[in-house]
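These are the residues of each chain, in order.
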Amino acid sequence: MIVYLPILALEGIEGKLFRPMSLTVIFALLGSLILSLTLMPALCATFLPRHGTERENRFLSALQRRYRQGLSWAMTRPRLVLLVAGFLLLNAVVLATRLGSEFVPRLREGAVVLNTVRLAGVSVDESVRYGTQIERTLLSAFPDEIERVWTRTGTAEVATDPMGVELSDVFIMLKGRSRWKQARSQDALVEAMETRLSSLPGMRMIFAQPIEMRVNEMIAGVRSDVGVKLFGDDFETLRAKAAEIEAVLKALPGAADVVTEQITGQPVLAIQADRGAIARHGMPVKNVMEVVEALGAREGGVGLGEGRGGGAR
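For clarity, every value in this text was computed on a predicted model and none was experimentally measured.

Asks: Residue-level account of the pairing of strand 3 (residues 167-174), with values.
Replies: Judged by how many residues are buried, strand 3 sits mostly within the fold: 7 of 8 residues are covered. Where strand 1 (residues 111-117) and strand 3 come together, 7 bridges link them in antiparallel fashion. Paired with A111 across the two strands is M173, which belongs to strand 3. Bridge count between strand 2 (residues 146-153) and strand 3: 7 bridges; the pairing is antiparallel. The residue of strand 3 that forms the bridge with V149 is I172.

Asks: Would you mind going over helix 9 (residues 285-295) in detail, with residue names and values included?
Replies: Of the positions making up helix 9, those classed as buried are V285, M289 and V292. Considered in projection along helix 9, the buried side chains sweep an arc of 55° and stay on one side of the axis. What points out from helix 9, more than 90 degrees from its buried face, is the exposed set V291 and A294.

Asks: Run through the side chain of T137, naming residues and quoting values.
Replies: The residue T137 is located in helix 4 (residues 124-141) in this model. Residue classification places T137 among the buried residues on the basis of a relative accessible area of 9%.

The rules behind each value
Residues numbered from 1 in each chain as written. Predicted model: local features only at pLDDT ≥ 70, side-chain atom pairs only at ≥ 80, totals over all residues. Heavy atoms only, no water. Buried < 20%, exposed > 50% of the residue type's maximum accessible area, 1.4 Å probe, protein only. Helix = DSSP H or I, 4+ residues; strand = E, 2+ residues; numbered from the N terminus. Pairing = 2+ DSSP bridges. Arc of directions from axis to C-beta.

Shown next, in the form of structure tokens:
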């Protein structure tokens, strides 16, 4: 059980994946320990015979003879044994210095997801057209690397991931790596895709992998490996500080795809009635605001001419 205790201290994805397993093993071993100290002695005393006989196992006897022969051979050649043991130890030390430091290496899922963010207020037709253009561009540029591609725009029918129509996820299923011609690794292929799509205007791109993206969203609520969350009650101050944080992160060595989440809302047209001009024409404010309402929608709680100012959005 002590061996599994350090796993309980893991954080992030490693903790989410391995902490339940560690707890399960610890509880199982604890239950087995309690059972072996309470029930098993009583069962042995009840059902096992009082006097047992010892018998020689042929398989174990053969293993003991082989072990004695090997031990005798090694004791007569101590220098050779020490030389081989030293060589194996040195080789293990050299290999240990080249091992990676990640507890869970990044999984290559054989698929890439491209998260695209466009201007807020874009229409559904424009989002679909833009997604189709991205699909055609990728398929024409990487026919040997991409097996199929499709796009999901906005929120799905089961709203587990609320998204606006300005957000689209382009899922790219890759072919076997032996058939690739324009890249040797998935990272190089992603860089080539990003370069190919960089000429498309009005869009921000984030490359990830499907499972990796979902896990990041569930853990931190962001679609990247590292995220910075800023809290406050002044919207303009938050926007300014977010720009400063983005500039600092972009200056860090090794930082890539540093972006600030889009926080602009839907475009709003505010119409304020000019009471002086309306009065010169002998027209009530209510009639003007009814025309405005017919063109769009009226904000709840705003009167049609009562009080000082009539307004609509």
